[in-house]
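Close look at the chain arrangement
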Amino acid sequence: MEKQSLCAHDCFDETVDRYGDLVYRLACTRVQTKTDADDVFQNVFLLYFQKNPTFETEEHRRNWLIHVTLKFCKKLHSSTWSRRVTLFDEFPLLQTDLNTENVELLHAVLSLPADYRTAVWLYYYEGFSTKEIAAMTKQKESTVRSRLKRGREKLKGALQ
Amino acid sequence: MNGEQRGALFKALRPDDETVRALKEKVKATQPAPRRKLLPVAVAAALVLITAIGVWLTLRNHQTPPKIEPSDPIVTTTQPPETVPTNPDGSVNFSDLTVDGAAWPSVPQSSGTASIVSFSEYAVKGCDLCFEGTVTDVQLKQYDYRYYYGEKFGKEVIIHEQPITQLTTFRIEKVWHGDPTLVGTTITLEDDTRGLDGKFGYREGVCYVVLMQDVTGWNIDMWHPVGEERLLEGDIKRSSPYATHYPWQPQVEKAKTGDYIVPLSWETVTAGCDVKVVFDPETPYFGSVQELEWFSDRLRLVDADTFQTRMAALLAE
């Protein structure tokens, strides 16, 4: 593959347009409140601008953004007290736009332990492959597969 | 969840305009990373360092007479062992290095393809156990089962599988990474021959450097791990909870000369080692040796000392 240098400053706005929604959705599933998701979203792209990393491919750029998003979410989660607010309280549109079955499923997905939740969200909702998720989360592909498998088992138990 | 519902979900979970606007204002007020400012400092530091090394070498050469250093281990690996015949191109034959009569188990060849990640030698620390051991027993086991398989995009089929696994028992002689008390014990790995593909199966009597993973809780069907699968008939319980970490290439083999036959994907271990190992007609392979030709250009002979040093360096990183 021909190497190319993709600098953060070259196309900052385009990057926000392209990956902003992906970063925000992932943040929503991890922190579960709108304010925290807003913070993570802004912090990820601010860091991206400040560090000005250079990437060989567009895929590297995306993986970097996802990885940093997860780090910020983890940091935020460990530094705040456990909230009882749910994603549905914060995003009322979810209640109106999704049918009952999907609301139940989403509730179950969001109730999964964080690592399983991330794997299930990225695979089933965002459509990434296990190989891509492994690269984004810097884990072995076998770890991602086992998390998907255990996540599905937990979902099955929760929905029965 | 269908496309419409996914669209609704994604539409609801978007940063609002105010959040994006606030981000862009913060970015405007933020200075970019001082990457370019660091560059002159780095260049200056490098120049100072180079000058200092130059001065030190000059002083050193004036103070001590030049002496003949023992040859670099990398250089020695470009020469095959004297006891092994060499081909005109400098390569050595696999059959001259491997244990006499150690034949591959005969298993059906796989024609399937899979998306396989490339091997990284740093797996020596990432795997659950890295050991050196001699194969004391090889058994093949055939499974027979049917299962329902549904992909996330709606494909639903019933699959009849009859995979063959290779159960390989090793006597552990050295532990490179993991529990050192395992030396002297035996361990059995179970590998699906669809992954091993016959070409890389372990052979009885041969000593290998094995990267092992613990797959406790996995069943034998590892091929559709992310679909919705349901066993309909048969037994899929593995006989061993241990498997080869990366089965899609020949494993590192200890030659009877004491050197190691190593795939090129072990980049730092094979660096500078020019002696190719080729699969010659005497290779105890059950099929046509032509099938192994692809690997003839990708195996190197690494002498024992170099191998030990470089493995230690890999583990120390």
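Check the entry above for the structure.
Read on for an overview of the structure. (Residues numbered from 1 in each chain as written. Chains lettered and ligands numbered in written order. Predicted model: local features only at pLDDT ≥ 70, side-chain atom pairs only at ≥ 80, totals over all residues. Heavy atoms only, no water.)

1. Looking at the overall build of chain B
A tally of helices and strands in chain B yields 10 helices and 13 strands. Counting across all 317 residues of chain B, residues that qualify as buried make up 43%. Accessible surface for chain B amounts to roughly 17,300 Å². Of this, 56% is attributable to carbon and sulfur atoms. (Helix = DSSP H or I, 4+ residues; strand = E, 2+ residues; numbered from the N terminus. Buried < 20%, exposed > 50% of the residue type's maximum accessible area, 1.4 Å probe, protein only. Areas by Shrake-Rupley, 256 points an atom, 1.4 Å probe, with all protein chains shown as cover.)

2. Brief notes about the overall build of chain A
Of regular secondary structure, chain A possesses 9 helices and 2 strands. In chain A, the succession of α and β elements from N to C terminus is β-α-α-β-α-α-α-α-α-α-α. Out of the 160 residues belonging to chain A, those deemed buried represent 53%. Considering only contacts within chain A whose residues lie at least 6 apart along the sequence, 66% involve residues at least 24 apart. Approximately 8,000 Å² of chain A is accessible, and the part contributed by carbon and sulfur atoms is 48%. (Contact = heavy atoms within 4.5 Å.)

3. Looking at the packing of helix α1 (residues 12-31) of chain A against helix α7 (residues 114-125) of chain A
Residues and elements named next belong to chain A. Between α1 and α7, the shortest axis-to-axis distance is 10 Å and the interhelical angle comes to 150 degrees. Put simply, α1 runs roughly antiparallel to α7. Classified by chirality, the crossing of α7 by α1 is right-handed. Residues Arg25, Leu26, Thr29 and Arg30 of α1 lie in contact with α7, whose contacting residues are Ala114, Asp115, Arg117, Thr118, Trp121 and Leu122. (Axes fitted to C-alpha atoms, helices over the stretch in contact; angles between N-to-C directions. Parallel < 35°, antiparallel > 145°, perpendicular 65-115°, else oblique. Left-handed = near helix turned anticlockwise from the far one by under 90°.)

4. A short note on the pairing of strand β7 (residues 207-214) of chain B
Residue and element names in this part refer to chain B. Counted residue by residue, β7 has 7 buried out of 8 residues, so it is predominantly covered. In terms of strand pairing, strand β2 (residues 129-142) meets β7 through 6 bridges, oriented antiparallel. Residue pairing in the sheet places Gly133 in a bridge with Tyr208 of β7. The sheet contact formed by β7 and strand β10 (residues 252-254) spans 3 bridges and is antiparallel. If you follow Cys207 over to β10, its bridge partner there is Lys254. Summarising the sheet, β7 and strand β9 (residues 242-244) pair through 3 bridges and their orientation is antiparallel. (Pairing = 2+ DSSP bridges.)

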